[in-house]
Amino acid sequence: QVQLVESGGGSVQAGGSLRLSCAASADAYRSNCMGWFRQAPGKEREGVATIAQQGFTIYLESVKGRFTISKDPAKNILYLQMNSLNPEDTAMYYCAANTGLSCRLGDLYRSQSVWGQGTLVTVSS
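What comes next concerns the included structure. (Residues numbered from 1 in each chain as written. Predicted model: local features only at pLDDT ≥ 70, side-chain atom pairs only at ≥ 80, totals over all residues. Heavy atoms only, no water.)

With that out of the way, let us pick up unusual backbone geometry. If you check the backbone angles, asparagine 76 has positive phi at about 55 degrees while not being a glycine. Tracing the backbone shows asparagine 76 in the loop between strand 7 (67-72) and strand 8 (77-82). Judged by its relative accessible area of 21%, asparagine 76 falls in the partly exposed class. Positive phi values are uncommon outside glycine, yet serine 84 reaches one of about 50 degrees. Mapping serine 84 onto the fold places it in the loop between strand 8 and strand 9 (91-98). (Helix = DSSP H or I, 4+ residues; strand = E, 2+ residues; numbered from the N terminus. Buried < 20%, exposed > 50% of the residue type's maximum accessible area, 1.4 Å probe, protein only.)

Shown next, in the form of structure tokens:
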């Protein structure tokens, strides 16, 4: 019954901003680890940001200082604020939850993980 529904993707110019939202089921929101990963065509999945149950966060090095992951417990929503976007950020972005104890970037799309349908982000130069 875990559900994760992403929204907020779109097309923006380089330097622009987007805020992705993930509406999560209660079970998903209770996970020890939640976050976002992305995948561009022909490329490997890439963890973008994680947030543990107690609030600790991890970011992909290339997005540090530009992206911010946050949660709204009252609404069971996970956010990814993306600023200063560049074409390299173009990808399908997925909201994910992991029921295991680890909350590394790669845990978002490995064993014990569940993710949504994705939302497409396209950044033009």
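Take the state of the cysteines next. Taken as a whole and judged by the stated rule, the model has two disulfides. For cysteine 22, the disulfide goes to cysteine 95, at an S-S distance of 2.0 Å. Disulfide cysteine 22 to cysteine 95: torsion about the S-S bond roughly -75 degrees, handedness left-handed. One end of the pair, cysteine 22, is in strand 3 (residues 18-24); the other, cysteine 95, is in strand 9, with 73 residues separating them in the sequence. The pair formed by cysteine 22 and cysteine 95 is uniform in burial state, with each residue classed as buried. Each sulfur in the disulfide pair cysteine 33 and cysteine 103 lies 2.1 Å from the other. Disulfide cysteine 33 to cysteine 103: torsion about the S-S bond roughly 75 degrees, handedness right-handed. Here cysteine 33, found in strand 4 (residues 33-39), pairs with cysteine 103, found in the loop between strand 9 and strand 10 (113-115); they are 70 residues apart in sequence, far enough to count as distant. Like cysteine 103, cysteine 33 is buried. Taken in sequence order, the bonded cysteines of the protein chain link in the pattern 1-3, 2-4. (Disulfide = S-S within 2.5 Å.)

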